[in-house]
Amino acid sequence: MCSDINFKSVTCTAPVNIAVVKYWGKRNEKLILPTNPSLSVTLGQNELRAKTSVAISPDFREDRMWLNGKEESVNSPRIQNVLREIRRRARKRVSDSDKDDEILQHVHIVSENNFPTAAGLASSAAGYACLVFSLAKLFGVQGEISDIARLGSGSACRSMYGGFVSWCMGELDDGSDSYAVQIATETHWPEMKALILVVSDQKKDVGSTEGMQTTVLTSELMQHRIECVDRRMEDMIDAIRMKDFPSFAKLTMQDSNQLHAVCLDTYPPVFYMTDVSRMIIRLVHAINDMFGETLVAYTFDAGPNACLYLLDESVPRIMSIIKHFFPPAATDCSSFITGIPIPDEPASTADIEQICLPVSPGAIKYVIHTKVGPGPQVLDPSESLFTADGKPKL
């Protein structure tokens, strides 16, 4: 049995963000510098979050990392880039040998998500944001650190802030001007809610990095997209600041459509959406047409799962329609809707009769109801994922 050892540890959480103006494509692969700016909504951590504990000790013999209970290599270029940059900035701040000794100590990392990993739900964004935030707290690194998170996963820089966040693409070759900026806090638009419709919780066939690389190399539509994004960013920021939901919703859906059109224009084409994803799109447009106004918007990242943005007052009625057309496969549907509770009401006959779509039982595995949330948080030491010997808790 291992004896207790002396180690210094920090535990934090970080959120998922779902972009409404998408990041797709890099102008520099190593530094993860994007071909266009992007903008996202940070979601609530009670429903979607990464949790990470990091520790250093003179007794650790090597850097080690465990993700969702499984040991992973720390030798990936992205992990190494993050560790190297954190230690470099920490070293600039030290003035005594004891602190310098700490920087040289090996680190143990334990991380877990409370949602599916690698299924197109921005797990890498939450994971790297949490890792960077935790390491910065552990090593005393202060100031802007979203650019360090960017070295792990581009969209992770946006998870360093709550609310509504833009990622400035920057122009400098060294990436020093490519970082995240908060457009509005999580309290700015409290009526904004999100429904995550989980179509698949399996690892996607083509990862985002591979998909982006192929798109940049082969898609003729990609340049047109890049030229559109600056204006769309301005319009989206205006819509958020004015709390103009119809404009926000239209821009969100248009940008999602354009991203997946670019993926289809890639050679060979990259398919992230499925038949169920496209049925969700049809249902959203049918709902908005039925009401005669835009009450709900869809967006799809690099995966089949939908994120629907809508205002709080619309949630019960729209959820009842979703549940009618995509009922749970099991007779016990108590776990079909998770997250923030939603009043359970049946879809009205009048609503259903106006929507000409087939019913697809079991096509959606479950729904996560969440809201706009804050950025990374430091947890109490009692929340640590480490045992007393610096290894992960089972």
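Preceding this paragraph is the structure being described.
Residues numbered from 1 in each chain as written. Predicted model: local features only at pLDDT ≥ 70, side-chain atom pairs only at ≥ 80, totals over all residues. Heavy atoms only, no water.

Before going further, it helps to spend a moment on the overall build of the chain. Helix and strand counts for the chain come out as 10 helices and 17 strands. Overall size of the chain, expressed as C-alpha extent along the three principal axes, is 75 × 50 × 40 Å. The buried share of the chain, reckoned over its 394 residues, is 55%. Restricting to contacts in the chain with at least 6 residues of sequence separation, those with at least 24 account for 78%. When the accessible surface of the chain is summed, it comes to about 17500 Å², and 51% of that surface belongs to carbon and sulfur atoms. In the chain, which carries 39 positive and 49 negative side-chain charges, the distance between the mean positions of the two groups comes to 3 Å. (Helix = DSSP H or I, 4+ residues; strand = E, 2+ residues; numbered from the N terminus. Buried < 20%, exposed > 50% of the residue type's maximum accessible area, 1.4 Å probe, protein only. Contact = heavy atoms within 4.5 Å. Areas by Shrake-Rupley, 256 points an atom, 1.4 Å probe, with all protein chains shown as cover. Lys, Arg positive; Asp, Glu negative; His and termini not counted. Charge placed at Lys NZ, Arg CZ, Asp CG, Glu CD.)

As a further point, take unusual backbone geometry. The amide bond that connects Tyr-267 to the next residue, Pro-268, takes the cis arrangement and shows omega of -5 degrees. Considering the arrangement of structural elements, one finds Pro-268 in the loop between helix H7 (245–265) and helix H8 (275–291). For Asn-68, which is not glycine, the phi torsion reads 50 degrees and is therefore positive. Taking the relative accessible area as the measure of exposure, Asn-68 reaches 39% and is therefore partly exposed. With a phi angle near 55 degrees, Lys-243 is a residue other than glycine that sits in the positive phi range. Within the element layout of this structure, Lys-243 appears in the loop between helix H6 (221–242) and H7. Given the relative accessible area of 39%, Lys-243 is considered partly exposed.

Further remarks concern empty space enclosed by the protein. Tallied over the full model, the rule gives 2 cavities of 30 Å³ or more. In this structure, the second largest cavity occupies an estimated 40 Å³ of space. As for the second largest cavity, its lining consists of Leu-197, Ile-280, Leu-283, Val-284, Ile-287, Leu-308, Ile-318 and Ile-322. If you list the elements that add at least two residues to the lining of the second largest cavity, you get H8 and helix H9 (315–325). Broken down by element, the lining of the second largest cavity gets its largest block of residues, 4 residues, from H8. Here the residues of the lining of the second largest cavity sort into 8 nonpolar, no polar and no charged. (1 Å grid on protein atoms, 1.4 Å probe; cavity = no way out; pocket = protein on both sides within 12 Å on 5 of 7 lines; lining within 4 Å. Points joined across faces, edges and corners; volume = space filled by probe spheres on them. Nonpolar A, V, L, I, M, F, W, Y, C, P; charged D, E, K, R; others polar.)

What follows covers the nonpolar core. Generally speaking, nonpolar side chains in soluble globular proteins are found buried as a group. Phe-248, Ile-280, Leu-308, Tyr-309 and Ile-322 are the most contacted members of the largest nonpolar core, which totals 102 residues. Broken down by element, this core gets its largest block of residues, 11 residues, from helix H3 (residues 123–139). Once residues lying within four places of it in the same chain are set aside, the contact partners of Ile-322 are Leu-195, Leu-197, Leu-283, Leu-308 and Ile-364. In this structure, Tyr-23, Cys-157, Met-212 and Cys-263 belong to the second largest nonpolar core, which totals 15 residues. (Core = buried A, V, L, I, M, F, W, Y, C linked by side-chain atoms within 4.5 Å.)

This brings us to the packing of aromatic side chains. One pass over the structure, following the stated rule, counts 10 aromatic pairs. With 5.7 Å between their ring centres and 75 degrees between their planes, Trp-189 and Phe-248 make a pair best called edge-to-face. In this pair, Trp-189 is assigned in the loop between strand S11 (180–184) and strand S12 (192–198) and Phe-248 in helix H7, connecting sequence segments 59 residues apart. On the basis of relative accessible area, Trp-189 is assigned to the buried category, the value being 3%. By relative accessible area, Phe-248 is classed as buried at 0%. Seen from their ring centres, Phe-245 and Phe-248 are 6.0 Å apart, and the 35 degrees between their planes marks the pair as tilted. With Phe-245 and Phe-248 both in helix H7, this residue pair falls 3 residues apart, about one helical turn. Members of the aromatic cluster, each reached through a chain of ring pairs, are Phe-164, Trp-189, Phe-245, Phe-248 and Tyr-309. (Phe/Tyr/Trp six-rings, centres within 6.5 Å; stacked < 30°, edge-to-face > 60°.)

Attention now moves to the layout of surface pockets. Approximately 260 Å³ is the volume found for the second largest pocket. Where the lining of the second largest pocket is concerned, the elements lending two or more residues are helix H1 (77–93) and helix H4 (146–152). Of the residues that constitute the lining of the second largest pocket, the class distribution is 3 nonpolar, 3 polar and 7 charged.

The mixed open sheet is built from 6 strands, whose spatial order is S8-S7-S9-S6-S1-S17. This sheet does not close on itself; its edge strands, each paired only once, are strand S8 (70–72) and strand S17 (377–378). Bridge count for strand S6 (residues 49–57) against strand S9 (residues 106–113) is 8 bridges, and the pairing is antiparallel. Note on S9: the bridge partner recorded for Ala-55 is His-108. Sheet strands in contact with H3 are strand S1 (8–15), S6, S9 and S17, and its direction is about 35 degrees off that of S6. (Pairing = 2+ DSSP bridges. Axes fitted to C-alpha atoms, helices over the stretch in contact; angles between N-to-C directions.)

Under the criterion given, the structure shown has 16 salt bridges. Among the salt bridges present, the one from Lys-323 reaches Asp-344, with a minimum N-O distance of 3.8 Å. With Lys-323 in helix H9 and Asp-344 in the loop between strand S15 (337–339) and helix H10 (349–353), this pair connects stretches of sequence that are 21 residues apart. Within this structure, Glu-85, Arg-88, Arg-89 and Asp-147 form a network of salt bridges that share partners. (Salt bridge = Lys/Arg side-chain N within 4 Å of Asp/Glu carboxyl O.)

Looking at where His-369 falls in the secondary structure, it is placed in strand S16 (residues 366–371). What His-369 contacts, discounting residues up to four positions off in sequence, is Glu-47, Lys-193, Ala-194, Leu-195, Val-315, Thr-338, Gly-339, Ile-340, Pro-341 and Ile-342.

Attention now goes to H6. If you check H6, its first and last C-alpha atoms are 31 Å apart, about what 22 residues at 1.5 Å a residue would give, namely 32 Å. Largest kink in H6: about 35 degrees, centred on Val-229. Considered for burial, the residues of H6 that qualify are Met-222, Arg-225, Val-229, Arg-232, Met-233, Met-236, Ile-237, Ala-239 and Ile-240. Lys-243 sits one or two positions beyond H6 and adopts a positive phi of about 55 degrees. (Expected span 1.5 Å × (residues − 1). Bend = angle between axes of the 7 residues up to and from the residue.)

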